[in-house]
Amino acid sequence: MEVARRLVPEFIEKLVPYRPGKPIEEVQRELGIQQVVKLASNENPLGVSSEVPPAILEAMASIHRYPDAGGLVLRRAIADKYCTTVENVILGSGSEGIMGNIARTFLHDDDEALTSEGTFVGFHIIVRSQGIKVRTVPLRKYSFDLGRIAEAVSPKTKIIYLANPNNPTGTIFDHAAFESFIGQVPPHVLVLADEAYFEYTRRSEVFPDSMTYRYDNVITLRTFSKAYGLAGLRLGYGLAHESLISHLLKVKLPFEPNSLAQAAGLAALKDQDFVEKTVALNEREKDGMYEALEKMGLNFVPSHTNFVLIEMGDEKIVDRISSELLASGVVIRPLRSFGLPTCFRITIGLPAENDFLIERLREAVS
Ligand SMILES: Cc1ncc(COP(=O)(O)O)c(C=O)c1O
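In the vicinity of the ligand there are 14 residues, among which Ser95, Asn167, Asp194, Thr223 and Ser225 approach most closely. Arginine 234 places a polar side-chain atom, nitrogen or oxygen, 2.7 Å from an oxygen atom of the ligand. Starting from 400 Å² of accessible surface for the ligand in isolation, the protein chains cover 94%. With four residues, helix 6 (residues 94-106) is the single largest residue contributor to the shell around the ligand. For the shell around the ligand, a count of residues per class yields five nonpolar, five polar and four charged.

Now the structure itself:
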């Protein structure tokens with residue numbers, strides 16, 4: 001429409017919107033089938049801790065009031081967990097909400113962001129929607145190539161985005177790679193360490209938990225959407241030096257996250273047994289998934305997360321398999337929008353869901 005075209009900046013007109021995995025209800029409606037298994041969005045198949053629903057019910061009594069704008073109770077609980085202070089913690093509507101906050105706070109004019117190809121598309125959209133350029137370097141064996149990213153830093157680079165583990169490849173970079181990288185990055189460049197899948201990999205000896213380093217130019221992002229199972233409530237948190245957090249707090253929308261999310265997050269954080277159960281189930285089921293994929297002769301990338309990337313070597317095969325799976329009630333994630341058109345991604349679900357997927361996938365590839 002001509003009016004909209006004249007109103008909207010060119011960088012918004014050119015923006016390709018984020019396409020999330022199809023919701024179960026939409027697939028049921030479109031295909032007229034009841035049994036739908038969604039393994040497309042890396043959600044927690046176990047649901048949430050039993051501590052969460054009562055906490056939400058209690059918080060419901062006050063939803064006519066604005067939430068605690070400082071989010072102090074939850075921020076304090078997170079600060080205690082990481083042996084830091086409230087001033088080092090920020091909350092947001094999902095970790096994506098905080099990414100938006102970071103982009104609004106720090107990026108302007110000719111600044112550029114730098115990251116890898118084949119990573120979380122949400123970051124690209126947030127940054128580009130402000131007219132900021134994102135430069136990328138290629139993945140190396142499905143992993144972030146930190147050496148090349150460090151080499152690509154220019155005087156315009158303001159933020160470097162690292163997803164560790166990476167979505168959609170499930171790979172991590174290790175301590176040595178991270179330490180060598182940080183040593184090369186100028187201290188005035190912000191490093192955004194997106195650790196959305198931290199809980200799935202925190203026990204790995206090679207995983208460089210960015211919070212153990214406490215660098216002044218690193219912001220760590222984590223989320224309640226994955227191992228804590230609160231994706232629908234939109235709750236994430238960031239950890240960084242208090243001076244960075246103080247600027248983010250000026251720009252943050254004052255009343256996010258909402259009060260139900262804050263109450264749920266507090267209850268979820270207290271139930272670490274649920275997180276352990278989630279991770280243990282994921283490990284068991286992931287092993288079963290690897291075995292089934294090997295039997296089918298499919299190439300996959302071993303994953304440090306709750307999902308697995310499968311490389312088919314051909315876009316048309318990916319399209320055919322994802323359509324056939326969808327028609328039989330399984331939603332997976334083709335990765336064209338992530339820049340990996342010959343791959344798809346499967347979230348690890350409950351045993352019965354994984355069995356259902358494996359059966360349908362076997363039919364589709366045979
Ligand atoms: C690497 C990564 N970062 C961030 C997010 C967004 O998480 P949230 O639900 O906390 O916004 C996702 C979601 O899939 C992700 O994979």
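Strand order in this open sheet of seven strands is 2-8-7-6-5-3-4, and the pairing throughout is mixed. Every interior strand has two partners, whereas the edge strands, strand 2 (89-92) and strand 4 (133-137), have only one. In this sheet, adjacent strand axes meet at a mean angle of 25° when their direction is disregarded. Relative to strand 8 (residues 236-239), strand 2 runs antiparallel, the two being bridged by four bridges. Note on strand 8: the bridge partner recorded for leucine 91 is tyrosine 237. Contacts from helix 6 reach strand 2, strand 5 (157-163), strand 6 (190-194), strand 7 (218-223) and strand 8 within the one sheet, and its direction differs from that of strand 7 by about 155°. Against the sheet, helix 9 (residues 175-184) touches strand 5, strand 6 and strand 7, its axis set at about 175° to strand 5.

Membership of the largest hydrophobic core comes to 45 residues, with the highest contact counts inside it found for Leu162, Phe181 and Ile219. Residues in contact with leucine 162, not counting those within four places in the same chain, are Phe144, Leu146, Ile149, Phe173, Phe178, Phe181, Val191, Leu192, Ala193 and Asp194. Grouped together as the second largest cluster of nonpolar side chains are 30 residues, Val52, Leu74, Ile78 and Ala261 included.

Among the five residues that make up strand 3 (residues 112-116), five are buried, leaving the element largely enclosed by the rest of the structure. Across five bridges, the pairing between strand 3 and strand 4 is parallel. Residue pairing across strands places threonine 115 opposite threonine 136, the latter belonging to strand 4. Sheet topology note: the strand 3/strand 5 ladder contains three bridges and is parallel. If you follow alanine 113 over to strand 5, its bridge partner there is isoleucine 159.

We now examine the side chain of aspartate 209. Assignment of secondary structure puts aspartate 209 in the loop between helix 10 (198-201) and strand 7. Overall, aspartate 209 belongs to the buried group, its relative accessible area being 17%. Engagement of the side chain of aspartate 209 in a polar contact is seen with the side chain of arginine 222, the distance being 2.8 Å. Residues contacting aspartate 209, with those up to four places away along its chain left out, are Glu195, Phe198 and Arg222.

Quick look at the pattern of salt bridges now. Here the structure, examined in full by the defined rule, presents 14 salt bridges. Two residues, glutamate 43 and lysine 38, come together in a salt bridge whose shortest N-O distance is 2.9 Å. Classification of glutamate 43 by relative accessible area gives partly exposed; the value is 33%. Assessed through its relative accessible area of 18%, lysine 38 is described here as buried. The residue aspartate 111 makes a salt bridge to lysine 158 at a minimum N-O spacing of 2.9 Å. Residue aspartate 111 is found in the loop between helix 6 and strand 3, and its partner lysine 158 is found in strand 5; the two are separated by 47 residues along the sequence. Overall, aspartate 111 belongs to the buried group, its relative accessible area being 13%. Residue class for lysine 158 comes out partly exposed when judged on its relative accessible area of 21%. It is possible to trace a salt-bridge network through shared partners that takes in Glu195, Asp209 and Arg222.

Next up on the list: the domain arrangement of the chain. One can read the domain layout of the chain as domain 1 (2-47 + 273-365) and domain 2 (52-270). Put simply, the middle of domain 1 and the middle of domain 2, counted by C-alpha atoms, are 23 Å apart. Counting residues at the interface gives 31 residues for domain 1 and 29 residues for domain 2. Summing both sides of the interface, domain 1 and domain 2 together bury roughly 2,500 Å²; the carbon and sulfur share of this comes to 65%. Across the domain 1-domain 2 interface, the total number found is two salt bridges. Between arginine 202 and glutamate 276 there is a salt bridge whose closest N-O contact spans 3.3 Å. Where domain 1 touches domain 2, the interface holds nine residue pairs in polar contact (both at pLDDT 80 or more). When residues of the side of domain 1 that touches domain 2 are traced back to their parent elements, those giving at least two are helix 2 (10-13), helix 13 (272-295) and strand 10 (307-311). If you tally residues by element for the side of domain 1 that touches domain 2, the top one is helix 13, at seven residues. Residue composition of the side of domain 1 that touches domain 2, grouped by class: 16 nonpolar, eleven polar and four charged.

Bringing the pairing of strand 13 (residues 343-347) into the picture now. For strand 13, the buried fraction is high: five of the five residues fall into the buried class. Because side chains alternate across strand 13, one face comprises the buried residues Cys343, Arg345 and Thr347, and the other comprises Phe344 and Ile346, equally buried. Across five bridges, the pairing between strand 10 and strand 13 is antiparallel. When the sheet's bridge partners are listed, phenylalanine 307 is paired in strand 13 with threonine 347. Relative to strand 13, strand 12 (residues 333-334) runs antiparallel, the two sharing two bridges. For arginine 333, the partnering residue across the bridge sits in strand 13 and is arginine 345.

Cut-offs used in this document
- Residues numbered from 1 in each chain as written.
- Predicted model: local features only at pLDDT ≥ 70, side-chain atom pairs only at ≥ 80, totals over all residues.
- Heavy atoms only, no water.
- Near = heavy atom within 4 Å.
- Polar contact = N/O pair within 3.5 Å; in protein donor to acceptor, adjacent residues only side chain to side chain.
- Areas by Shrake-Rupley, 256 points an atom, 1.4 Å probe, with all protein chains shown as cover.
- Helix = DSSP H or I, 4+ residues; strand = E, 2+ residues; numbered from the N terminus.
- Nonpolar A, V, L, I, M, F, W, Y, C, P; charged D, E, K, R; others polar.
- Pairing = 2+ DSSP bridges.
- Axes fitted to C-alpha atoms, helices over the stretch in contact; angles between N-to-C directions.
- Contact = heavy atoms within 4.5 Å.
- Core = buried A, V, L, I, M, F, W, Y, C linked by side-chain atoms within 4.5 Å.
- Buried < 20%, exposed > 50% of the residue type's maximum accessible area, 1.4 Å probe, protein only.
- Salt bridge = Lys/Arg side-chain N within 4 Å of Asp/Glu carboxyl O.
- Domains from an automatic or database assignment.
- Buried area = accessible area lost by both parts, 1.4 Å probe.

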